[in-house]
Each structure stands twice: as C-alpha cells, then as structure tokens.
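Spelled out from the first residue to the last, the chains are:
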Amino acid sequence: MIDVDVLERDKNYIELVVRNVPLPILNAIRRIIQLEVPTVAVDSIIFYENNTPLYEEIIAHRIGLIPLKSDVAVRKYRSPEECRKCFSSDEEGYPAVIGTECEGCFVGARLKVYSDDGVVTVYSKDLIIDDPEIKPVYDNIPIIILGPGHRLTFDARIRIGRGIEHSKWSPVSVAGTKYVAVIKTSRIRDREAIEKAKKCVNVCPVDILSFDEKESRIVVSNRYKCTLCMQCVKECPPGSISIEHDDNEYILFFESTGQLSLRSILDLATELLINKLDELIKQVEKEVEVSSG
Ligand code: SF4
C-alpha cells in the first residue's frame, strides 16, 4: 500500500518520503510539477511612456519574472491550450487585439509611475492588477529606480502558462527525487579497527554517524539525510558499514516560488498525471477496437 510521510516542511518547501510507488511515477510527478502545473505571469506589455535609462525589454523581462499568486487564478481563467490563438502578435510585435473568443484568457495590469524631482524606487506592489485575487507574492521586489523627470507607463496582460513554455510559469524553483539509504553496521571486535571506526565517522558530510562504545559499532542517527556519497564505506574498517539504496522508498522534494501553495502544486500535478493516464487508456482502447475490426 502507498505510504507517505512528511520529512521536512516549511511554508514553501516540502520533503516527502514515499513508499511503494515506483521511481518512474515519482519522476513523472516531478516533471509535471516543474513543466506542466500552471501558474499566472505577465505575458505581454505595451509601453506608452519610458524615458528611464532602462530599455523596455529589460523592464518587460523584470515584470514577467515577478511571481504572482496563482491558486485561485489557475482554476478561474482558461488554459493556454484553449487560448493559444489569442497569443499572437501583429507585425510590430504588439499583442493581438482581444475578441470575445479570448474572454477569460487574460487579466489586465498596468503601471503608471513618475518622479518629479526626487528618486523613486518602483516596487512590485505598484503594479495595478484588475483581478484582486492576483497579486505579487512579494510586495517589495524592486522593478526600477526613477530619477528626476523619469516616467514609466505601460499596460500588461497576465495569463496562465506552464513551465515548459517559460520558467516564469514554473511553480517551483527546484523539484527532485532522492534515493533513501539502507545502512547496515556490524559489531567491531578488533582494537585497531575500533580506533579507526571512532575517527572515520567524522567523514560523513551530513553528520549522521557516530561510534557507540558500548555496542562497539557505528550508529546512524538519520538515514534519510544520507546522500549515498559512500565516503564512510571508503574510510571505515572493511565490513563495519554498508550502504545500499532502498528499492521501495524514495524522497520527493520541491520548493514553491510562492505562486501556488505546496498543496495546490501536488493536487494539480496528480490531476494532470491522472488525466494523461486516462487519455492514454482511451487511445489504447481505440486502437485495440480498430485493430480487432
Ligand atoms: S554514504 Fe555519505 S552521507 Fe551516507 S552515511 Fe556514509 S558518509 Fe554519510
């Protein structure tokens, strides 16, 4: 039976120990988390005024990378696949004019800032977004510093996207799987080997080994921290410690950029995986029907 434990968790990071799930399935979830779980981000910008020293391309790049709260938006707006035809640009690079067929594909945003005679720092919180449920994850991301007389005005379009298209839509900064170590230690009887074992435990880079004088063996405090670097096997007396990886237990970890909660990321990833499998089953059944006449 599938069994999951939380190994480590804070607001934006989680490590899960997963048992009885094959590694390729966990790896599929990891890839879906990185590349396919949707979020919202600024997609296109039309500049009206910019006499600042920064090129518009640089400002647009910065705006696109501001992480936006997406938990509600990804269920509320239409998917990029449904809206594909609304993403095109005209010959001058301006975004396509939105018709009724593009309703629910975009959310408008704008910025109008200026400095009369002082120096003004413009932050992510200054972006005005039409949907109050979409806002920057952090209010204090600097966008630009305006000098006296500088003005910056633009309209922007926010839309749902996926990490496979651009990393600004990926909901995670990192996602991975790790092997879990199975560590076995044996009682050491030889005096010289005991002295060596007392010292060799210090090679562990994650500090999970110590020597138990009473038991006369190496002891392990937390096998889930083991990186399987094998330094202990090289340095400790032969036969005193052995390391293998478990075939039935793996760690899945990921760090949210803050666009989606950890729970939403996992929910959306598993939904997408199930949809893919359903689609695969349908296609196979169709082919079987066709081939059997
Ligand atoms: S394999 Fe590396 S991380 Fe694991 S216990 Fe040995 S030294 Fe420590």
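Residues numbered from 1 in each chain as written. Predicted model: local features only at pLDDT ≥ 70, side-chain atom pairs only at ≥ 80, totals over all residues.

Near the ligand there are 15 residues, and of these Cys204, Cys226, Cys229, Gln231 and Cys232 occur at the shortest range. For the shell around the ligand, a count of residues per class yields 13 nonpolar, 2 polar and no charged. (Near = placed C-beta within 6 Å. Nonpolar A, V, L, I, M, F, W, Y, C, P; charged D, E, K, R; others polar.)

Another point: the sheet that holds strand β8 (residues 151–161). Strands sit in the order β3-β8-β4-β6 across an open sheet of 4 strands; the sheet is antiparallel. At either margin of the open sheet sits one strand with a lone partner, and together these are β3 (39–50) and β6 (128–129). Here strand β4 (residues 106–114) pairs with β6 via 2 bridges, running antiparallel. Residue Arg110 lies in a different strand from β6, and its bridge partner there is Ile128. Where helix α2 (residues 56–64) meets the sheet, it contacts β3 and β8, and its direction lies at approximately 150° from that of β3. (Pairing = 2+ DSSP bridges. Helix = DSSP H or I, 4+ residues; strand = E, 2+ residues; numbered from the N terminus. Contact = placed C-beta atoms within 7 Å. Axes fitted to C-alpha atoms, helices over the stretch in contact; angles between N-to-C directions.)

At their nearest, the axes of helix α1 (residues 23–35) and helix α7 (residues 262–291) sit 9 Å apart, and the two run at 115° to each other. In terms of axis orientation, α1 runs roughly perpendicular to α7. The handedness of the crossing between α1 and α7 is right-handed. Here Ala28, Ile29, Ile32 and Ile33 of α1 come into contact with α7, specifically with Ile265, Ala269, Thr270, Leu272 and Leu273. Within the contact of α1 with α7, the residues separate by chemical class into 8 nonpolar, 1 polar and no charged. (Parallel < 35°, antiparallel > 145°, perpendicular 65-115°, else oblique. Left-handed = near helix turned anticlockwise from the far one by under 90°.)

Turning next to the nonpolar core. In terms of nonpolar packing, the biggest core is built from 28 residues, with Val40, Val42, Ala156 and Ile158 touching the most fellow members. Of all the secondary structure elements, the ones that give two or more residues to this core are β3, α2, β4, β7 (142–146) and β8. Ranked by residue count, the leading element in this core is β8, at 5 residues. Aside from chain neighbours lying at most four places away, what touches Ile158 is Val40, Ala41, Val42, Asp43, Leu68, Phe106, Val107, Ala109, Ile129 and Ile134. If you look at the next biggest cluster of nonpolar residues, it comprises 15 residues, including Val18, Tyr250, Phe254 and Leu260. (Core = buried A, V, L, I, M, F, W, Y, C linked by C-beta atoms within 7 Å. Buried ≥ 20, exposed ≤ 12 C-beta atoms within 10 Å, placed from the backbone.)

Turning our attention to α7. End to end, α7 covers 44 Å across 30 residues, agreeing with the expected 44 Å (1.5 Å per residue, within 8%). Structurally, α7 contributes buried residues whose contacts are with β2 (13–19), α1, β9 (172–185) and β12 (241–256). (Expected span 1.5 Å × (residues − 1).)

Attention now moves to the pairing of β12. Taken together, the 7 bridges between β2 and β12 define a ladder with antiparallel strand orientation. Bridge assignment links Arg19 to a residue of β12, and that residue is Glu249. Pairing geometry for β9 and β12, over 12 bridges, is antiparallel. Directly across from Ala175, in β12, lies its bridge partner Phe254.

Another point: the domain arrangement of the chain. As far as domains go, the chain holds domain 1 (39–169) and domain 2 (180–253). Computed from C-alpha coordinates alone, the two centres of domain 1 and domain 2 are separated by 52 Å. (Domains from an automatic or database assignment.)

A few words now on unusual backbone geometry. Most peptide bonds take the trans form, and the phi angle of most residues other than glycine is negative. Residues other than glycine seldom take positive phi values, yet Asn20 does so here, at roughly 65°. Exposure remark for Asn20: the 10 C-beta atoms within 10 Å place this residue in the exposed category. In this structure, Met230 takes a positive phi of about 70° despite not being glycine. With respect to the helices, strands and loops of the structure, Met230 is situated in the loop between β11 (217–220) and α6 (231–235).

Now for the pairing of strand β10 (residues 209–212). Residues in a regular strand point their side chains to alternate faces of the sheet. Here β10 shows a clear split, with Leu209 and Phe211 buried on one side and none of Ser210 and Asp212 buried on the other. Pairing of β10 with β11 involves 4 bridges; the strand directions are antiparallel. Opposite Asp212, over in β11, you have Arg217 as the bridge partner. Joining the antiparallel neighbours β10 and β11 is a turn of 4 residues, in which Ser216 adopts a positive phi near 55°.

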